[in-house]
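Examination of the molecular architecture
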Amino acid sequence: MPFGPLAIMVHKLTGHKGWVFFLSLLGITPLAERLGYATEQLAFYTGATVGGLLNATFGNATELIISIYALKSGMMRVVQLSLLGSILSNMLLVLGCAFFCGGLVFCKKEQVFNKASAVVNSGLLLMAVMGLLFPAVLHYTHTEVHAGKSELALSRFSSCIMLVAYAAYLFFQLKSQKETYVPLSEEENQTGDGDGHDDDDDDDVDDEAPEISKWESVIWLSIMTAWISILSEYVVDAIEGASISWGIPISFISVILLPIVGNAAEHASAIMFAMKDKLDISLGVAIGSSTQISMFGIPFCVVIGWIMGRPMDLNFQLFETATLFITVIVVAFFLQEGTSNYFKGLMLILCYLIVAASFFVHEDPNSEDEQLKT
């Protein structure tokens, strides 16, 4: 927690971008975790429907706040790369660690989860890939009706469609198909043993009670969101200087380092629930968060950019779009059986290492030479 004020102090006294960026990230990490905790506490009072929305929104608040500040500064590529990195981190690293740790604890049996939820989320992620793929293909095939404008217009139209689809998904998940999907937020993991023994799970749920009051949760949410907003401005301001002083590509910082900090809360809770044999909740945290970023976070930033007058679009470039497409396909294959073990988790973690190495050697001329200087 002290690293946040220290980052501001270093910025005022020395102006060393590398240290400001590093200390700001360290300061944001515990705030992101505590934000998740406060949201969970508030969900006890609001019920499953509102609680699910709160978890989805505040779970990704850090990434969205950083993205809005980057948009304000004209750093469209940083926004695109950090949101892409958040999806990749949740799908490969967070889910992989949950499967791996859960598999080690329950190594004598195969853990199972609700396939219906996983299939719907995989479908939504593929729809998000479709939304990102067409503007990129349109750009690289030079088949735009109005060069430079059609791609942006298509991105804004697709973003509105994706936001409608996400709203319909929330209604479907929390209202129409409540009995199928509510276990993700209610912690009623009825598929844990596959033998219909639900009594123990119900006892566990009954034992859980809020640790802080409703208004304490609201106050802490407000304070931590405000503090994250302040530190996010320092992170965005120092990102280019940190890239130069460390000799690390901006694409690697945006895709790998920023999301690891933003996903601290999801990472801890997904592993914890997997080790309690509550894989439905782990899946809801990891894949649900990826779905929210891809179907809400990215289109939301396009619309916000539209309002700000920034040409934020869905053309994530071919390398990044291909990475996301392959990741979604790989994860969909791992989820199709409805079972998990430590080997599947290890494979997902190793896939993430390959992705990280790819972005470390990937040069993104669009961000360094053009948009970061606007």
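So, a few notes on the structure that sits alongside this text. Predicted, not measured: the structure shown is a model, and the values here were computed from it. (Residues numbered from 1 in each chain as written. Predicted model: local features only at pLDDT ≥ 70, side-chain atom pairs only at ≥ 80, totals over all residues. Heavy atoms only, no water.)

1. A closer look at the packing of helix H5 (residues 76–105) against helix H12 (residues 250–262)
- Where H5 contacts H12, the axes come no closer than 7 Å and their chain directions differ by 50 degrees. By the angle between their axes, H5 is oblique relative to H12. H12 is crossed by H5, and the crossing has right-handed handedness. Of the residues in H12, those touching H5 at Val78, Leu81, Ser82, Gly85, Ser86, Leu88, Ser89 and Leu93 are Ile250, Ser251, Ser254, Val255, Leu258, Pro259 and Ile260.
- A class-by-class count of the residues in the contact of H5 with H12 yields 9 nonpolar, 6 polar and no charged. (Axes fitted to C-alpha atoms, helices over the stretch in contact; angles between N-to-C directions. Helix = DSSP H or I, 4+ residues; strand = E, 2+ residues; numbered from the N terminus. Parallel < 35°, antiparallel > 145°, perpendicular 65-115°, else oblique. Left-handed = near helix turned anticlockwise from the far one by under 90°. Contact = heavy atoms within 4.5 Å. Nonpolar A, V, L, I, M, F, W, Y, C, P; charged D, E, K, R; others polar.)

2. Some points on a nonpolar patch on the surface
- A surface patch of nonpolar side chains, about 780 Å² in accessible area, is lined by Phe3, Leu6, Met9, Leu13, Trp19, Phe22, Leu26 and Trp246.
- Mapped by element, the contributors of at least two residues to the nonpolar patch are helix H1 (3–13) and helix H2 (17–46).
- Counting through the fold element by element, Leu6 comes out in helix H1.
- Accessibility expressed as a relative area gives 34% for Leu6, which makes it partly exposed. (Patch = residues over 30% accessible without salt bridge, like charges linked within 9 Å, V, L, I, M, F, W, Y side chains within 5 Å. Areas by Shrake-Rupley, 256 points an atom, 1.4 Å probe, with all protein chains shown as cover. Salt bridge = Lys/Arg side-chain N within 4 Å of Asp/Glu carboxyl O. Buried < 20%, exposed > 50% of the residue type's maximum accessible area, 1.4 Å probe, protein only.)

3. Here's the deal with the packing of aromatic side chains
- With the rule as written, the count across this model stands at 8 aromatic pairs.
- Here Phe21 and Trp246 contribute two aromatic rings whose centre-to-centre distance is 5.6 Å and whose plane-to-plane angle is 70 degrees, an arrangement assigned as edge-to-face. In this pair, Phe21 is assigned in helix H2 and Trp246 in helix H11 (residues 214–246), connecting sequence segments 225 residues apart.
- Residue Phe21 is classed as buried on the basis of its relative accessible area, which comes to 0%.
- Overall, Trp246 belongs to the partly exposed group, its relative accessible area being 33%.
- With centroids separated by 5.9 Å and ring planes inclined at 40 degrees, the aromatic side chains of Tyr166 and Tyr169 adopt a geometry described as tilted. Linking Tyr166 with Tyr169, this pair stays in helix H7 (residues 150–176), spanning 3 residues, or about one helical turn.
- Among the aromatic residues, ring-to-ring pairing joins Tyr166, Tyr169, Phe296 and Phe300 into one connected group. (Phe/Tyr/Trp six-rings, centres within 6.5 Å; stacked < 30°, edge-to-face > 60°.)

4. Re the packing of helix H4 (residues 61–72) against helix H14 (residues 279–308)
- As a packed pair, H4 and H14 sit with axes 10 Å apart at the nearest point and diverge in direction by 25 degrees. Between H4 and H14, the angle falls in the class roughly parallel. Considering the relative orientation of H4 and H14, their crossing is right-handed. Of the residues in H14, those touching H4 at Glu63, Leu64, Ser67, Ile68, Leu71 and Lys72 are Ile293, Phe296, Gly297, Phe300, Cys301, Ile304, Gly305 and Met308.
- For the contact of H4 with H14, the residue count by class is 9 nonpolar, 3 polar and 2 charged.

5. Considering the environment of Met9
- On the secondary structure map, Met9 appears in helix H1.
- Taking relative accessible area as the criterion, Met9 reaches 46% and is therefore assigned partly exposed.
- Taking C-alpha positions, Met9 is 8.8 Å from Val20, a pair spaced 11 residues apart along the chain.

6. So, unusual backbone geometry
- A positive phi is found at His142, a non-glycine position, where the angle reads about 55 degrees.
- Structurally, the position occupied by His142 is in the loop between helix H6 (115–140) and H7.
- A positive phi angle, near 75 degrees, is found at Gln317, a position not held by glycine.
- Tracing the chain through its elements places Gln317 in the loop between H14 and helix H15 (318–335).

7. Concerning H11
- The sharpest bend along H11 measures roughly 45 degrees and falls at Ile239.
- Following H11 by one or two positions, Gly247 adopts a phi angle in the positive range, close to 70 degrees. (Bend = angle between axes of the 7 residues up to and from the residue.)

8. Focus: the pattern of salt bridges
- For the structure on display, the rule yields 3 salt bridges.
- Ionic pairing is found between Lys17 and Asp237, a salt bridge with its closest N-O pair at 3.0 Å. You can see Lys17 sitting in helix H2 and its partner Asp237 sitting in helix H11, a full 220 residues away along the chain.
- For Lys17, a relative accessible area of 30% puts it in the partly exposed group.
- A salt bridge links Lys344 to Glu337, with the shortest nitrogen-to-oxygen separation between them at 3.3 Å.

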